[in-house]
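One-letter residues, chain by chain:
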Amino acid sequence: YTTLFRSSTPALRGLQIRFLWAELETAENVYDFSAIDKHLNELATRKRRLVIQVQTKSFDPDWALVPDYLKAGIYEGGVFAFSSYGADTTIKGYNIKLWNDNVRNRLVKLFRKLGERYNSHPYFEGIGMIETALGQPINPITNDQVTSFYDNLLNVHQNMRDFFPNTM
């Protein structure tokens, strides 16, 4: 941080840091925000702000994107593989099965916990999610699943706004 925030870069007001869902919820209802706390405390000492991005889509098939408990049947395995558009079926990454209401509810709970902890922190500037594109599913999904994915994404964002009324 010291190099980033020298007085010669006054326009740099803070950092955005990405966190995988699995890093923040290590098991069902077990939350570990220590990495966020560490970055936030370090930035606060420099009067700089933190924006976090909760990563719900991976661009590397080896990432542990979601908590292991989401692999259960009630969550339909939690994620789906996607590839590049076209005939390529090489797995490029995973996205969450947000069409599943149980997945949506767990993600909403994560944002609730984050809001309870960080909404009023003076150096917690903002929170967001990864891009909204589904990717090209390796196994086809239905139009209803696509519609539910985006309906649930909107629901998550509406809840996030409620949990972070004082935060961008």
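Asker: What's the story with the packing of aromatic side chains in this structure? I'm lost.
Answerer: The geometry of two aromatic rings is summed up by the distance between their centres and the angle between their planes. Using the criterion set out here, one finds eight aromatic pairs in the structure. When the ring of Tyr118 is compared with that of Phe124, the centres are 5.1 Å apart and the planes differ by 15 degrees; the resulting orientation is stacked. You'll find Tyr118 and Phe124 in the same group, each marked buried. Pairing Phe149 with Tyr150 gives two aromatic rings, centres 5.1 Å apart and planes at 75 degrees, and the pair type is edge-to-face. Given a relative accessible area of 3%, Phe149 falls into the buried group. Of the aromatic side chains, those joined through ring pairs into one cluster are Tyr31, Phe33, Tyr118, Phe124 and Phe164. Here the guanidinium or amino end of Lys57 rests over the ring plane of Phe82, the centre of that ring lying 4.9 Å away.

Asker: It is not clear to me how the sheet that holds strand β7 (residues 124–129) should be interpreted in this structure. Could you clarify?
Answerer: Strands in a sheet are paired, the pairing made by backbone hydrogen bonds, and the direction either parallel or antiparallel. In spatial order, the strands read β1-β4-β7; together these three strands make up an open sheet with parallel pairing. Bordering the open sheet on either side are β1 (14–20) and β7, each of which pairs with just one other strand. On average, each strand axis in the sheet is tilted by 20 degrees relative to the strand beside it, whichever way the strands run. Along the sheet, helix α3 (residues 101–118) makes contact with β4 (49–55) and β7, crossing β7 at roughly 175 degrees.

Asker: Help me understand the sheet that holds strand β6 (residues 93–96), please; the structure alone is not making it clear to me.
Answerer: On the basis of which strands lie adjacent, the open sheet formed by three strands has the order β6-β5-β8 and antiparallel pairing. Where the open sheet ends on each side, the last strands, each with one partner, are β6 and β8 (136–137).

Conventions we followed
Residues numbered from 1 in each chain as written. Predicted model: local features only at pLDDT ≥ 70, side-chain atom pairs only at ≥ 80, totals over all residues. Heavy atoms only, no water. Phe/Tyr/Trp six-rings, centres within 6.5 Å; stacked < 30°, edge-to-face > 60°. Buried < 20%, exposed > 50% of the residue type's maximum accessible area, 1.4 Å probe, protein only. Lys NZ or Arg CZ within 6 Å of the ring centre and 35° of its normal. Pairing = 2+ DSSP bridges. Helix = DSSP H or I, 4+ residues; strand = E, 2+ residues; numbered from the N terminus. Axes fitted to C-alpha atoms, helices over the stretch in contact; angles between N-to-C directions. Contact = heavy atoms within 4.5 Å.

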